Structures are given as structure tokens and as C-alpha cells.
Amino acid sequence: MVSDKEVDARNLNCPLPILRCKKALNDLGPAQVLKIMATDPGSKKDFDAFCRQTGHTLLELQESDGIFTFWIKKRTA
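Residues numbered from 1 in each chain as written. Predicted model: local features only at pLDDT ≥ 70, side-chain atom pairs only at ≥ 80, totals over all residues. Heavy atoms only, no water.

Looking at an unreviewed UniProt entry, one finds the protein named Sulfurtransferase TusA family protein, with Methylophilus flavus as its source organism. According to UniProt, the comment filed for the protein under the heading Sequence similarities (unreviewed entry) is "Belongs to the sulfur carrier protein TusA family." (UniProt positions renumbered as here; feature names shortened; annotations may be inferred.)

Below, the structure is given as C-alpha cells:
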């Protein structure tokens, strides 16, 4: 999947991956896509809740070798 920006939040624990995600999304325009990689197992629930609460869209989640990769589309309004 193509992204407009990438953030590496591997080896960071909650709440740092979410904070890095929020900061990166602030730098993106509406409907742009952020790719963020995390290793915190709790990040799956955290990013799902974050997207529901903020109106962003979790497009995809992949897990490979303990690395969770999320693609999040910034809300349009």
C-alpha cells in the first residue's frame, strides 16, 4: 500500500506510538495516508480506538515478525 509519510515507532511503548502518529497526521493533508510501524502488542487496540475517536480511517493492519504496520488515512474534514 502506498503512503504519503512513514513513521517508525518500533521499540516504543504506549503512549508514544500514538503520539508519534498524531504528530505525523498533523503534518499531512486531508485523505493522505500515514504508514506507521510499531512493536508494542497493545498498539493494535490503541490504533483502532484512536481512529474511531478521531475520525481517521485504519485502512490496513499487517503483522510480521512482531512488527505491526498500520496504514491510516487522515480524515477529510
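S.K.: Please set out the pattern of salt bridges residue by residue, giving values where relevant.
M.R.: Evaluation of the coordinates by the stated rule reveals 4 salt bridges. A salt bridge links glutamate 63 to lysine 44; the nearest nitrogen and oxygen atoms lie 4.0 Å apart. Within this pair, whereas glutamate 63 is found in strand 3 (residues 57-64), its partner lysine 44 is found in helix 2 (residues 43-54), the two being separated by 19 residues in sequence. A residue is classified by how much of its surface remains accessible, and glutamate 63, at 52% relative accessible area, is exposed. Aspartate 48 is the partner of arginine 52 in a salt bridge, and the nearest nitrogen-oxygen pair spans 3.3 Å. Placement of the pair is arginine 52 and aspartate 48 together in helix 2, with a separation of 4 residues, close to one helical turn. According to the relative accessible area criterion, arginine 52 is exposed, its value standing at 60%. Here aspartate 48 falls in the partly exposed class, since its relative accessible area comes to 34%. (Salt bridge = Lys/Arg side-chain N within 4 Å of Asp/Glu carboxyl O. Helix = DSSP H or I, 4+ residues; strand = E, 2+ residues; numbered from the N terminus. Buried < 20%, exposed > 50% of the residue type's maximum accessible area, 1.4 Å probe, protein only.)

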